[in-house]
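# Observations on the model geometry
The chain contents come next:
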Amino acid sequence: MIQPGSQRFFHLHLVSDATGETLNTVAKAAAAQYSDFRPIAHIYALVRTPSQLNRALREIEEQPGIVLFTLINPDIRHHLERQCEAMGVPCLSILDPIITILSQYLNATSRPQVGGQHALNSDYFRRIDALNFTMAHDDGQSIDDIEKSDVIILGVSRTSKTPTSIYLAQRGIRVANIPIVPGVPVPQKLMTVKVPVVVGLIASAERIAQIRRHRLLSLKESRSTDYVDPRQITDELMNMKTLCSNNDWPMIDVTRRSVEETAASILNMLSESKRLDK
């Protein structure tokens with residue numbers, strides 16, 4: 001355990017024979033439950049040979065910590081477990097408990113496949129199509145065919161429209177996002193289009209002003225402008241709320257929400273819409 005000042009750190013070694021995406025996501029979710037500690041993550045992806053594993057083991061020995069892994073090859077896996085036991089460091093396969101439950105419930109034997117969740121199947125190509133569509137319809141582009149969207153996201157500047165759209169696209173959801181800009185009419189097609197979900201993103205004027213100021217600073221722009229004026233932003237938000245209210249479009253306040261939480265709310269709306277359509 002490393003303890004510089006009041007912040008405590010620990011080493012977290014993530015060993016995977018695929019991209020490590022699943023492992024990294026689970027590890028982050030678990031580590032987040034211990035806010036007094038911060039993990040120093042060491043990621044070893046595409047570990048499929050003894051020599052690749054030995055490189056990881058050397059670093060684990062130099063900087064001992066928790067070892068989490070997803071490895072299919074039994075020889076590679078057992079070598080890792082034996083070496084970790086010899087070094088006295090905890091070692092866990094994160095998928096084993098889930099695979100065990102599935103095996104018992106389904107009364108079936110698993111057929112392990114390295115990187116199976118990344119297979120080039122129809123679901124993969126659906127996600128690629130959704131990402132291409134979403135990028136082509138970012139920030140009010142390509143309005144003519146927004147009826148092909150699964151979700152349309154509206155919002156004033158700096159309400160995380162694009163990050164939320166891309167996150168949803170990675171889940172296979174086609175998204176168009178449209179900025180609501182002072183003095184710029186809302187696209188007429190938006191008022192008549194029928195898609196499963198149209199949702200507005202809002203936030204507090206203070207939060208939006210803060211993000212906009214940071215944006216201007218990153219562009220080396222220091223001049224005073226209405227863009228960061230809280231009164232102007234409040235007017236923008238009032239217009240946004242009126243637009244959504246008049247059209248019965250739900251709104252999500254993203255002031256204290258992560259992109260993932262906002263996307264989860266939208267996915268719930270989409271699921272509910274599909275359920276009602278049945």
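The following paragraphs examine the structure supplied in this document. (Residues numbered from 1 in each chain as written. Predicted model: local features only at pLDDT ≥ 70, side-chain atom pairs only at ≥ 80, totals over all residues. Heavy atoms only, no water.)

### So, the overall build of the protein
To keep it simple, the criterion reads: Elements are defined by DSSP. Helices are runs of H or I of four residues or more, strands are runs of E of two residues or more, and each kind is numbered from the N terminus. For a compact globule the rule gives 2.2 Å times the number of residues to the power 0.38, and the radius of gyration it is set against comes from C-alpha atoms. Throughout, exposure labels follow a simple rule: accessible area from a 1.4 Å probe, protein chains only, divided by the maximum for the residue type, with under 20% read as buried, over 50% as exposed, and the rest as partly exposed. Throughout, a contact is declared for two residues whenever any of their heavy atoms are within 4.5 Å.
A count of helical and extended segments in the protein gives nine helices and eight strands. What you see for the protein is a C-alpha radius of gyration of 24 Å, clearly larger than the 19 Å of a compact globule of 278 residues, by over 25%. Viewed in the frame of its principal axes, the protein has a C-alpha envelope of about 70 × 55 × 30 Å. Looking at the protein as a whole, 34% of its 278 residues are labelled buried. Partitioning the contacts of the protein with sequence separation of at least 6, the portion at a separation of at least 24 is 75%.

### What about the nonpolar core?
Operational definition: Residues belong to a common nonpolar core when they are buried Ala, Val, Leu, Ile, Met, Phe, Trp, Tyr or Cys residues joined through side-chain atoms within 4.5 Å.
In terms of nonpolar packing, the biggest core is built from 37 residues, with Val151, Ile152, Ile153, Leu154 and Leu168 touching the most fellow members. Mapped by element, the contributors of at least two residues to this core are strand E5 (151–155), strand E6 (175–179), strand E7 (197–202), helix H7 (205–218), helix H8 (230–246) and helix H9 (259–277). The contact partners of Leu154, leaving out residues within four places of it in the chain, are Lys161, Ile178, Ile180, Leu190, Val198, Val199, Gly200, Leu201, Met240, Leu243 and Trp249. With 14 residues, the next largest nonpolar core counts Tyr44, Leu53, Phe69 and Cys84 among its residues.

### Considerations on the pattern of salt bridges
Spelled out, the test is: The salt bridge definition used is simple: a Lys or Arg side-chain nitrogen within 4 Å of an Asp or Glu carboxyl oxygen.
Enumeration over the complete set of coordinates arrives at nine salt bridges. Between Arg127 and Asp123 there is a salt bridge, and its shortest N-O distance comes to 2.6 Å. Separated by four residues within a single helix, Arg127 and Asp123 lie in helix H5 (residues 122–136), roughly one turn from each other. Among the ionic pairs, Asp129 bridges to Arg174, the shortest N-O distance being 2.9 Å. Remark: Arg174 occurs in the loop between helix H6 (161–169) and E6 and Asp129 occurs in helix H5; sequence separation between them is 45 residues. Taken together, the shared-partner salt bridges in this structure form one network comprising Arg77, Glu81 and Asp96.

### A short note on the sheet that holds strand E1 (residues 8–16)
Which entries qualify depends on this criterion: Paired strands, in this sense, are two strands between which DSSP finds at least two bridges. Only C-alpha atoms enter the line fits that serve as axes; for helices the fit covers just the stretch in contact. Angles between N-to-C directions range over 0 to 180 degrees.
Pairing is parallel across the open sheet formed by four strands, whose spatial order is E2-E1-E3-E4. Strands at the two margins of the open sheet, each flanked by one partner only, are strand E2 (37–44) and strand E4 (91–93). Each adjacent strand pair in this sheet contributes to an overall mean axis angle of 25°, direction not counted. Across the face of the sheet, helix H1 (residues 21–31) comes into contact with E1, E2 and strand E3 (66–70) while running at roughly 155° to E1.

### Some words on unusual backbone geometry
Note: most residues except glycine have negative phi, and most peptide bonds are trans. Positive phi outside glycine occurs at Leu46, with the angle close to 55°. Here Leu46 is to be found in the loop between E2 and helix H2 (50–62).

### Digging into the packing of aromatic side chains
Defined as follows: Between 30 and 60 degrees the pair is tilted, below 30 it is stacked and above 60 it is edge-to-face, where a pair is any two Phe, Tyr or Trp rings, Trp via its six-membered ring, whose centres lie within 6.5 Å. Comment: the charge-over-ring label is applied if NZ (Lys) or CZ (Arg) is within 6 Å of the ring centre and within 35 degrees of the ring normal.
Counted under the stated rule, the structure contains zero aromatic pairs. The aromatic ring of Tyr227 is capped on one face by Arg212, whose charged end is 4.5 Å from the ring centroid.

### Here's the deal with the packing of H6 against H9
Relative placement of two packed helices is described by the angle separating their axes and the distance separating the axes. What counts here: Between 65 and 115 degrees an angle is taken as roughly perpendicular, under 35 as roughly parallel, over 145 as roughly antiparallel, and anywhere else as oblique. The sense of a crossing depends on the near helix, which, turned anticlockwise from the far helix by less than a right angle, makes the crossing left-handed and, turned clockwise, makes it right-handed. Only Asp, Glu, Lys and Arg are considered charged in this grouping, and only Ala, Val, Leu, Ile, Met, Phe, Trp, Tyr, Cys and Pro are considered nonpolar; every other residue, Gly among them, is considered polar.
Interaxial distance between H6 and H9 falls to 9 Å at its minimum, and their mutual angle equals 60°. Compared by their axis directions, H6 and H9 come out oblique. The crossing of H6 and H9 is right-handed. Side by side, H6 and H9 meet where Pro163, Thr164, Tyr167 and Leu168 of the first sit next to Val259, Glu260, Thr262, Ala263, Ile266 and Leu267 of the second. A breakdown of the residues in the contact of H6 with H9 according to their chemical character gives seven nonpolar, two polar and one charged.

### Section: a nonpolar patch on the surface
Let me state the cut-off plainly: Patches here are clusters of residues that have more than 30% relative accessible area and form no salt bridge, with a 9 Å joining cutoff for like charges and a 5 Å cutoff for nonpolar side chains (Val, Leu, Ile, Met, Phe, Trp, Tyr). For the accessible areas, the method is Shrake-Rupley and the probe is 1.4 Å, while residue cover comes only from the protein chains on display.
Among the surface-exposed residues, Leu95, Ile98, Ile99, Leu102, Tyr105 and Leu106 lie close enough to one another that they form a single nonpolar patch of about 620 Å² accessible area. By secondary structure assignment, the location of Tyr105 is in helix H4 (residues 96–106).

### Regarding the environment of Gly200
Mapping Gly200 onto the fold places it in strand E7. Residue Gly200 is classed as buried on the basis of its relative accessible area, which comes to 0%. Separated by 52 residues in the primary sequence, Gly200 and Ile252 place their C-alpha atoms 6.3 Å from one another. Here Gly200 is in contact with Leu154, Met240, Cys244, Pro250, Met251 and Ile252, once residues within four sequence places are set aside.

So, to be careful, I would describe these as geometric facts and stop short of saying anything about function.
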